[in-house]
There are 2 protein chains.
Amino acid sequence: MPEETTDQSNLDFLSFVDFAVGKTVDELPEVDPVSMRLVLALHRVTSALVYDLESTVHRPSGWSWPGFRVLFVLWLAGPCEAKRVASLSGMSRSAVSALVNTLERDGLVTRRPSAGDRRAVDLELTDAGHDAIVSTYSAHNKREQTWTETLTPSERLVLIGLLEKLASGTAAREAVKRS
Amino acid sequence: MPEETTDQSNLDFLSFVDFAVGKTVDELPEVDPVSMRLVLALHRVTSALVYDLESTVHRPSGWSWPGFRVLFVLWLAGPCEAKRVASLSGMSRSAVSALVNTLERDGLVTRRPSAGDRRAVDLELTDAGHDAIVSTYSAHNKREQTWTETLTPSERLVLIGLLEKLASGTAAREAVKRS
DNA sequence: CGCTATTGGTCAAGGCTTTGATTACACCCG
DNA sequence: CGGGTGTAATCAAAGCCTTGACCAATAGCG
């Protein structure tokens, strides 16, 4: 791993944000630099975090983050309908359906027609699925802790508060939702 | 659009986070609830934001957010090598290469062998590409402003500061980077 | 100079997600 | 009870992204 080039590309990217905001405001005066910077920062840090977790934790175990999210919901909520898994995990029903094809093939989840509603499908973790989620989540959270350590304890709480405020604000509520 | 079911699913999801943190800490004592909640909130709000911007701004214009990011970099940085576009946009070289296939097909970008280094490829915005990025970015930022309005002006600055601190912290620097 | 290591770009296979269409089934109202 | 409306799930086509392999060209060292 070439540490110095990693730092270099990081700098490139950081200074590019400054440059981008400046030049954009210059050419498009109606642009608000604060919201531009906010969304840029949010997207960039999340994308780096997801990529890091996926490539250090999930892929090495042979699974993907999206698959992990489905297993996670099933672990916590217990067996339930695909529709509910979609809404709890924040994915579309189509995405859950496609993902469960993979998970079922790999023996982590079973699919059964629901008893009450014959349109619905009940999903349930297999024993292998249960083992997978428990062992993976420990590693996942260890890596999360490494990221979090950059902030002081009170900064962490402030950040969580602001993110949750953003998530329950007007824009989020009126935002287009996955179907 | 059924407003009440939208709110309902939002509540489902919000309360699920509380439930998930509680139950996970119960079963896996080594898990740190703060970093769990931080990453959950970060991922969730970003994913909602990206989905919203993509479906209200980019798809209706006929393009995708990833394509937009490439056009954006080319607009700001001017014509440059694919490698540089990748590092400035935070994408892998493979992803840029694949994406430019689409952008070139749609007449937004041109690909030319570089003068100095015969391995490299220079990318440049066409006139259509330039028009696309300028008109799309105005709409994009308007929507960003709607999201940002949920926070007070000083909260916005605090949030940006914390996100940028997270992005330049140890974990981010040592994180696996896209190749 | 020549050999080797590295770098820029692309391709291929596989996975996830999206929209839109389709098939079953459930529910409700006349 | 029958027909219209809405809902659960799935499929199909298309797009993006990832890893790993590969080629071509450059750079560095003996």
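Residues numbered from 1 in each chain as written. Chains lettered and ligands numbered in written order. Predicted model: local features only at pLDDT ≥ 70, side-chain atom pairs only at ≥ 80, totals over all residues.

In the nomenclature of an unreviewed UniProt entry, chain A corresponds to MarR family transcriptional regulator from the organism Rhodococcus jostii.

1. Overview of the UniProt feature "domain: HTH marR-type" (unreviewed entry) in chain A
With numbering aligned to this structure, UniProt lists the feature "domain: HTH marR-type" (unreviewed entry) at residues 35–168 of chain A. Split by type, residues 35–168 of chain A is 74% helix and 9% strand. Its first and last C-alpha atoms lie 17 Å apart. (UniProt positions renumbered as here; feature names shortened; annotations may be inferred. Helix = DSSP H or I, 4+ residues; strand = E, 2+ residues; numbered from the N terminus.)

2. Some details on helix 6 (residues 127–148) of chain A
Taking 1.5 Å of rise per residue, 22 residues should cover 32 Å, and helix 6 of chain A covers 31 Å from first to last C-alpha, within 8% of that figure. Here helix 6 of chain A has its buried residues at Gly129(A), Ala132(A), Ile133(A), Thr136(A), Tyr137(A), His140(A), Asn141(A), Glu144(A), Trp147(A) and Thr148(A). (Expected span 1.5 Å × (residues − 1). Buried ≥ 20, exposed ≤ 12 C-beta atoms within 10 Å, placed from the backbone.)

3. Section: the relation of the copies chain A and chain B
With an RMSD of 0.0 Å, the operation that places chain A on chain B is a rotation of 180° combined with a shift of 0.0 Å along the axis. Such a combination of rotation and displacement between the chain copies is what one expects of a two-fold axis. In this assembly the copies share their binding face: 100% of the residues contributing to the interface of chain A also contribute to that of chain B. (Least-squares fit on C-alpha atoms with pLDDT ≥ 70 in both. Contact = placed C-beta atoms within 7 Å.)

4. Thoughts on the pairing of strand 3 (residues 121–125) of chain B
All names here are of chain B. Looking at chain direction, strand 1 (residues 80–81) and strand 3 are connected through two bridges and run antiparallel. Its bridge partner lying in strand 3, Cys 80 is registered against Leu 123. Here strand 2 (residues 109–113) runs beside strand 3; their pairing, made up of five bridges, is antiparallel. Following the sheet pairing, Val 109 is matched in strand 3 by Leu 125. (Pairing = 2+ DSSP bridges.)

5. A look at the protein's contact with DNA strand C
What surrounds DNA strand C is a group of 27 residues, the closest being Pro66(A), Ser92(A), Ala82(B), Lys83(B) and Ser97(B). The element best represented in the surface near DNA strand C is helix 5 (residues 93–105) of chain A, accounting for five residues. The residue inventory of the surface near DNA strand C, partitioned by class, reads nine nonpolar, nine polar and nine charged. (Near = placed C-beta within 6 Å. Nonpolar A, V, L, I, M, F, W, Y, C, P; charged D, E, K, R; others polar.)

6. Comments concerning the interface of chain A and chain B
The partner chain B presents 70 residues to the 70 residues of chain A that form the contact. Those elements that provide at least two residues to the side of chain A that touches chain B are helix 1 (3–27), helix 2 (33–61), helix 4 (82–89), helix 6, helix 7 (153–168) and helix 8 (170–174) of chain A. The dominant element in the side of chain A that touches chain B, judged by the number of residues it contributes, is helix 2 of chain A, at 20 residues. Partitioned by chemical class, the residues of the side of chain A that touches chain B number 34 nonpolar, 20 polar and 16 charged.

7. What about the sheet that holds strand 2 of chain B?
Residue and element names in this part refer to chain B. Strand order in the open sheet made by the three strands is 1-3-2, with antiparallel pairing throughout. Every other strand in the sheet has two partners, leaving strand 1 and strand 2 as the edge strands with one partner each. Strand contacts of helix 3 (residues 65–77): strand 1, strand 2 and strand 3, with the helix running at about 90° to strand 3, the strand carrying the most contacts. (Axes fitted to C-alpha atoms, helices over the stretch in contact; angles between N-to-C directions.)

8. Digging into the protein's contact with DNA strand D
Around DNA strand D lies a shell of 27 residues, among which Ala82(A), Lys83(A), Ser97(A), Pro66(B) and Ser92(B) are the nearest. When residues of the surface near DNA strand D are assigned to their parent elements, the largest contribution, five residues, is made by helix 5 (residues 93–105) of chain B.

9. Details of the sheet that holds strand 3 (residues 121–125) of chain A
All names here are of chain A. A sheet is described by the order of its strands in space; here three strands give the open sequence 1-3-2, paired in antiparallel fashion. The strands lining the two open edges of the sheet, one partner per strand, are strand 1 (80–81) and strand 2 (109–113). Helix-sheet contacts for helix 5 involve strand 2 and strand 3, and the interaxial angle to strand 2 is about 115°.

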